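Overview (structure and organization)
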Amino acid sequence: MPPSDEIETPRGPARIDTDLPARPAGALLVLGHGAGGSVDAPDLLAVRDAAVGVGLAVVRVTQPYRVAGRRAPAPAGHLDEAWTAVLAVLRDRHPAVPTLLVGGRSSGARVACRTARAVGAVGVVTLAFPLHPPGRPERSRAAELTTGLPTLVVNGDRDPFGVPEPGPGVQVVTRPGETHDLRRDPSGTAAVVRDWLRAQGWVAADPAAR
């Protein structure tokens, strides 16, 4: 299959970028982008490289509104609908991969959390989860993290959108000196994700898999 492709959704075509490991993948990690950003954000690319390096297949999904050239995000329901449609196609395209993981940065992290159970994921990776709008801590989105699935949150300690608290099944790693874009040390952020994936048993433990 081509590394970049489009998938039709009820909200228009979404674009996917697929990166496969050298050996059969043990898990499929599907990642979404931030509200006005792209799947080429430094933290997403670093996580992709780290995950592929330890034997995961990684698909980055560009939402239909971004494919259409708009920066303003679609309503949450539209985002979830398009994401769910893409995930259904991806499961059909990768039938031999036993494990589905979902995630993303910022808005994409929220979409992944809201739909994780519905798409059959077993874990969630969230980067720069926007706990609340800047300056509005009373508008907490913490409830979206309570998926009942193992969930990793990686946020900067200077993120104006706040830093979630850990909870049952939710591990929070705070990156010093990082803001919402997590651009200061993408490889360090990716290492956190890789180590969490390994601790969950979704990565081969032998040195050849590193």
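Throughout this description, residue numbers start from 1 for each chain and increase along the sequence as written. For a predicted model such as this one, the threshold for reporting local features is a pLDDT of at least 70, and the threshold for listing and counting side-chain atom pairs is 80 or more; totals across whole chains, interfaces and linings nevertheless cover every residue. Here the side-chain values reflect all heavy atoms present in the structure, with hydrogen atoms and water set aside.

1. Thoughts on the packing of aromatic side chains
Using the following cut-off: Note on aromatic pairs: the rings of Phe, Tyr and Trp (six-membered ring only in Trp) are paired at centre separations within 6.5 Å, and the planes decide the class, stacked below 30 degrees, edge-to-face beyond 60, tilted for the rest. Buried means the residue's accessible area, taken with a 1.4 Å probe over protein chains only, is under 20% of the maximum for its type, while exposed means over 50%, and partly exposed covers the values in between.
Applying the stated criterion across every chain yields a total of 1 aromatic pair. Pairing Trp196 with Trp202 gives two aromatic rings, centres 5.5 Å apart and planes at 70°, and the pair type is edge-to-face. Judged by its relative accessible area of 5%, Trp196 is buried.

2. Some remarks on the layout of surface pockets
Put simply, the rule is: Grid points spaced at 1 Å over the protein atoms alone were grouped into cavities, where a 1.4 Å probe fits but cannot get out, and pockets, open sets with protein on both sides within 12 Å along at least five of seven lines, with lining residues defined by an atom within 4 Å of a point. Grid points are joined across faces, edges and corners, and a volume is the space filled by probe spheres set on the points. Each helix is a run of H or I in the DSSP string that is no shorter than four residues. Each strand is a run of E no shorter than two, and both are numbered from the N terminus. Under the grouping applied here, Gly and all other residues not named as nonpolar or charged are polar, the nonpolar ones being Ala, Val, Leu, Ile, Met, Phe, Trp, Tyr, Cys and Pro and the charged ones Asp, Glu, Lys and Arg.
The computed volume of the largest pocket comes to approximately 180 Å³. If you go around the largest pocket, you meet 13 residues; those closest to its centre are Ala35, Pro73, Leu79, Ser107 and Arg110. Those elements giving two or more residues to the lining of the largest pocket turn out to be helix 3 (76-93) and helix 4 (107-119). Looking at the lining of the largest pocket, the element that brings in the most residues is helix 4, giving 3 residues. Tallied by class, the residues present in the lining of the largest pocket amount to 8 nonpolar, 2 polar and 3 charged. For the second largest pocket, the calculated volume is near 150 Å³. Leu131, Ala142, Leu145, Thr146, Thr147, Gly148, Pro164, Glu165, Pro166, Gly167, Pro168 and Val170 are the residues that line the second largest pocket. When the residues that make up the lining of the second largest pocket are grouped by side-chain class, the tally is 7 nonpolar, 4 polar and 1 charged.

All we've got here are geometric facts, nothing functional implied.
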